[in-house]
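An overview of the molecular structure
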Amino acid sequence: MIVKKIAFLLSLNLFFITFLFAQEESKLMQAQEYYFSGDYKKAAIIYESLYSNKQLKELVYENYLNSLFKLKEYNEAEKIIRKRIKEEGNKPEFLFDLALTYQEKGTPSEADKIYNDIIKNLKPDVFYINEIASQFFNINNYPLALKTFLQGRKLLADENQFAAELVNLYRYERNKEGVTRESLKLIALNPAYLGITKSTIIRTYEVNSDYHILKSAILRDIQKNPENIELTDLLAWTFLQLKD
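These remarks concern the structure in this document. Predicted model only: the values in this text are computed from it and were never measured. (Residues numbered from 1 in each chain as written. Predicted model: local features only at pLDDT ≥ 70, side-chain atom pairs only at ≥ 80, totals over all residues. Heavy atoms only, no water.)

To continue, consider the overall build of the protein. The secondary structure content of the protein amounts to 13 helices and zero strands. Counting helices and strands in the order they occur from the N terminus, the protein gives α-α-α-α-α-α-α-α-α-α-α-α-α. Taking all 244 residues of the protein together, the buried fraction comes to 39%. As displayed, the protein offers around 14900 Å² of accessible surface, 56% of which is attributable to carbon and sulfur atoms. (Helix = DSSP H or I, 4+ residues; strand = E, 2+ residues; numbered from the N terminus. Buried < 20%, exposed > 50% of the residue type's maximum accessible area, 1.4 Å probe, protein only. Areas by Shrake-Rupley, 256 points an atom, 1.4 Å probe, with all protein chains shown as cover.)

Following this line, the structure appears as structure tokens:
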């Protein structure tokens, strides 16, 4: 008799759990529909109710926050982010969200303070440094992505680390000297980068004087490493570009 009663209660609980989940799923679909149709007010109202559900919190967080941004409800957005930081610590993703809130709010100095603190508190971990730099890259803040990698080099005590990433960032910044410096490091690290380096240089350099800078840099490196065949190859290729 007791066993039957327990089985009945378990099946009843399962029924209610399934029913509640179906309700929440329906609300989530409705919120998504409002969100993607641009009705952020209605979407935010539903997301707010769903956000209180621990199982759905992470799922709706981004769209809920974006809805608040669209509605210019920055104080509410800040409150949500600060609560996450209090609960889960200074995770970079929340700090970036908080900085974005300040930018949207029209207080960029507050955002800059957070960004600089993130770089100041970098960990000497290659994956972590890449993650932070990628966050800056994703918001088109190339100078701070560069700063992150350069600070990461200091922490790791490795002046060759992140050379490939820095080549790309310097190219976005149109910093030809940076492209030249990091490209030569790449070739020294791995000769297979020679072909990629030539392609990058063609996309970056614009006038003969750029190739003269490259020529001088290669000659300096050849003096230090005269046995490097790739540098000799790159030097010959550079002279051909000058002829053109």
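Don't stop here, the text continues.
The next subject is helix α2 (residues 40–51). In this model α2 runs 15 Å from its N-terminal to its C-terminal C-alpha over 12 residues, within 8% of the 16 Å that 1.5 Å per residue would give. Looking at α2, one finds that the buried residues are Ala 43, Ala 44, Ile 46, Tyr 47, Leu 50 and Tyr 51. (Expected span 1.5 Å × (residues − 1).)

What follows deals with the nonpolar core. Formed by 47 residues in total, the largest nonpolar core has its most connected members in Tyr 47, Tyr 115 and Phe 136. Excluding its chain neighbours within four sequence positions, the residues that come into contact with Phe 136 are Phe 96, Tyr 115, Ile 119, Asn 141, Leu 144, Ala 145 and Thr 148. Core analysis: the second largest hydrophobic core is formed by 15 residues, Leu 184, Ala 217, Ile 218 and Leu 242 among them. (Core = buried A, V, L, I, M, F, W, Y, C linked by side-chain atoms within 4.5 Å. Contact = heavy atoms within 4.5 Å.)

Another point: the side chain of Thr 180. Considering the arrangement of structural elements, one finds Thr 180 in helix α10 (residues 176–189). The contact partners of Thr 180, leaving out residues within four places of it in the chain, are Tyr 205, Leu 214 and Ala 217.

What follows deals with the environment of Lys 215. Checked against the element boundaries, Lys 215 lands in helix α12 (residues 208–224). In this view, Lys 215 contacts Leu 235, Thr 238, Phe 239 and Leu 242; residues no more than four positions away in its chain are not counted.

Relative to the helices and strands, Ile 201 is located in helix α11 (residues 194–204). In this structure the C-alpha to C-alpha distance between Ile 201 and Arg 171, which are 30 residues apart in sequence, comes to 9.0 Å. Residues within four places of Ile 201 in sequence aside, it is in contact with Tyr 211, Leu 214, Leu 234 and Trp 237.

All chains considered together, the criterion is met by 16 aromatic pairs. Note on Tyr 35 and Tyr 47: the rings are 6.2 Å apart at their centroids and 70° apart in plane angle, and the pair reads as edge-to-face. Taken together, the residues span a long stretch of sequence, with Tyr 35 in helix α1 (residues 2–36) and Tyr 47 in helix α2 at a distance of 12 residues. Like Tyr 35, the residue Tyr 47 is buried in the burial classification. Here the aromatic rings of Phe 137 and Tyr 172 are separated by 5.4 Å at their centres, their planes lie at 65°, and the arrangement is edge-to-face. Of the two residues, Phe 137 is situated in helix α7 (residues 126–138) and Tyr 172 in helix α9 (residues 163–172); the sequence distance between them amounts to 35 residues. The class for Phe 137 is partly exposed, based on a relative accessible area of 31%. You can call Tyr 172 partly exposed: its relative accessible area is 44%. Here the aromatic cluster, defined as three or more aromatic residues joined through ring pairs, consists of Tyr 35, Phe 36, Tyr 40 and Tyr 47. (Phe/Tyr/Trp six-rings, centres within 6.5 Å; stacked < 30°, edge-to-face > 60°.)

We now examine the packing of α10 against α12. Following both chains from N to C, one finds α10 and α12 inclined at 30°, their axes separated by 10 Å at the closest point. Compared by their axis directions, α10 and α12 come out roughly parallel. At the point where α10 passes α12, the crossing takes the right-handed sense. The residues of α12 that touch α10, namely those facing Lys 176, Glu 177, Thr 180 and Leu 184, are Asp 210, Ile 213, Leu 214, Ala 217, Ile 218 and Asp 221. A class-by-class count of the residues in the contact of α10 with α12 yields five nonpolar, one polar and four charged. (Axes fitted to C-alpha atoms, helices over the stretch in contact; angles between N-to-C directions. Parallel < 35°, antiparallel > 145°, perpendicular 65-115°, else oblique. Left-handed = near helix turned anticlockwise from the far one by under 90°. Nonpolar A, V, L, I, M, F, W, Y, C, P; charged D, E, K, R; others polar.)

In short, shape yes, function no, at least from these values alone.
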